[in-house]
Amino acid sequence: MRTIIYHNPDCGTSRNTLAMIRQSGDEPEVIEYLLNPPTRDRLTWLISEAGLTVRQALRQKDTPYEALGLANPALSVDDLLDAMMAHPILINRPFVVTSKGVRLCRPSELVLDILENPDIGPFTKEDGEVVIYGDGKRVG
């Protein structure tokens, strides 16, 4: 099974996740979900397989979340999915699919849990945060 990342190149978390996948020796299928959003069925599957609720998969920051009134607890799952389909920026990212599972990789180092080769060597995020030390040990 080929690794897939639902990616936003303008997002640092997404870029860091993609870099870790590539550093593992895997060249994933990169889907820029703002240009090519997943179908409703695929989005529902991603959320379910990641063990999330639809509300947990909603992105609030820098989106029309507030303007659309999506914090309203009376909204149904279908209402939330409708909003995500109409405004893909509301889909939190990056979702990653591998043969070991599906994760919403926030923070980006969650991808290590589903990589075929999680021993990627030293890794530092774009902002300077160390994820894996030079000796190969994960921070935290």
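Please read all numbers here as calculations on a predicted model, not as lab measurements.

Asker: Looking at this structure, how should I read the pairing of strand β4 (residues 101-104)?
Answerer: Side chains on a regular strand alternate between the two faces of the sheet. In the sheet, strand β3 (residues 95-98) pairs with β4 via four bridges, with the strands oriented antiparallel. The residue bridging valine 97 from the neighbouring strand is valine 102, located in β4. Taken together, β3 and the strand that follows it, β4, pair antiparallel across an intervening segment of two residues.

Asker: Mind showing me how you'd approach the sheet that holds β4 here?
Answerer: Judged by pairing direction, the sheet is mixed, and its four strands sit side by side in the order β2-β1-β3-β4 without closing on themselves. Since the sheet does not close on itself, it has two edges, and those belong to β2 (29-32) and β4, each with one partner. Adjacent strand axes in the sheet meet at a mean angle of 15°, parallel and antiparallel pairs treated alike. Judged from the three bridges that link them, strand β1 (residues 4-7) and β3 form a sheet pairing that is antiparallel. For tyrosine 6, the partnering residue across the bridge sits in β3 and is phenylalanine 95.

Asker: Can you walk me through the packing of helix α2 (residues 40-49) against helix α3 (residues 77-86) in this structure?
Answerer: In a pair of packed helices, the angle between the axes and the distance between the axes together describe the arrangement. Their axes nearest at 11 Å, the elements α2 and α3 cross at an angle of 115°. At the point where α2 passes α3, the crossing takes the right-handed sense. Note on element contacts: α3 touches α2 through Asp78, Leu81, Asp82, Met84 and Met85, opposite Arg40, Leu43, Thr44 and Ile47. Classifying every residue of the contact of α2 with α3 by side-chain character gives five nonpolar, one polar and three charged.

Asker: How should the nonpolar core be read in this particular structure?
Answerer: Counting 23 residues, the largest nonpolar core has Tyr6, Ile47, Leu58, Leu70, Met84, Leu90 and Phe95 as the members making the most contacts within it. For this core, the secondary structure elements donating two or more residues are β1, α2, α3, β3 and β4. Considering each element in turn, this core owes the most residues, four residues, to α3. Residues within four places of leucine 90 in sequence aside, it is in contact with Ala57, Leu58, Arg59, Thr63, Pro64, Tyr65, Leu68, Leu70, Ala83 and Met84. Ranked by size, the runner-up nonpolar core spans 14 residues in total, among them Met20, Val111, Phe123 and Val131.

The rules behind each value
- Residues numbered from 1 in each chain as written.
- Predicted model: local features only at pLDDT ≥ 70, side-chain atom pairs only at ≥ 80, totals over all residues.
- Heavy atoms only, no water.
- Pairing = 2+ DSSP bridges.
- Helix = DSSP H or I, 4+ residues; strand = E, 2+ residues; numbered from the N terminus.
- Axes fitted to C-alpha atoms, helices over the stretch in contact; angles between N-to-C directions.
- Left-handed = near helix turned anticlockwise from the far one by under 90°.
- Contact = heavy atoms within 4.5 Å.
- Nonpolar A, V, L, I, M, F, W, Y, C, P; charged D, E, K, R; others polar.
- Core = buried A, V, L, I, M, F, W, Y, C linked by side-chain atoms within 4.5 Å.
- Buried < 20%, exposed > 50% of the residue type's maximum accessible area, 1.4 Å probe, protein only.

Spatial relationships are all this shows, so hold off on functional conclusions.
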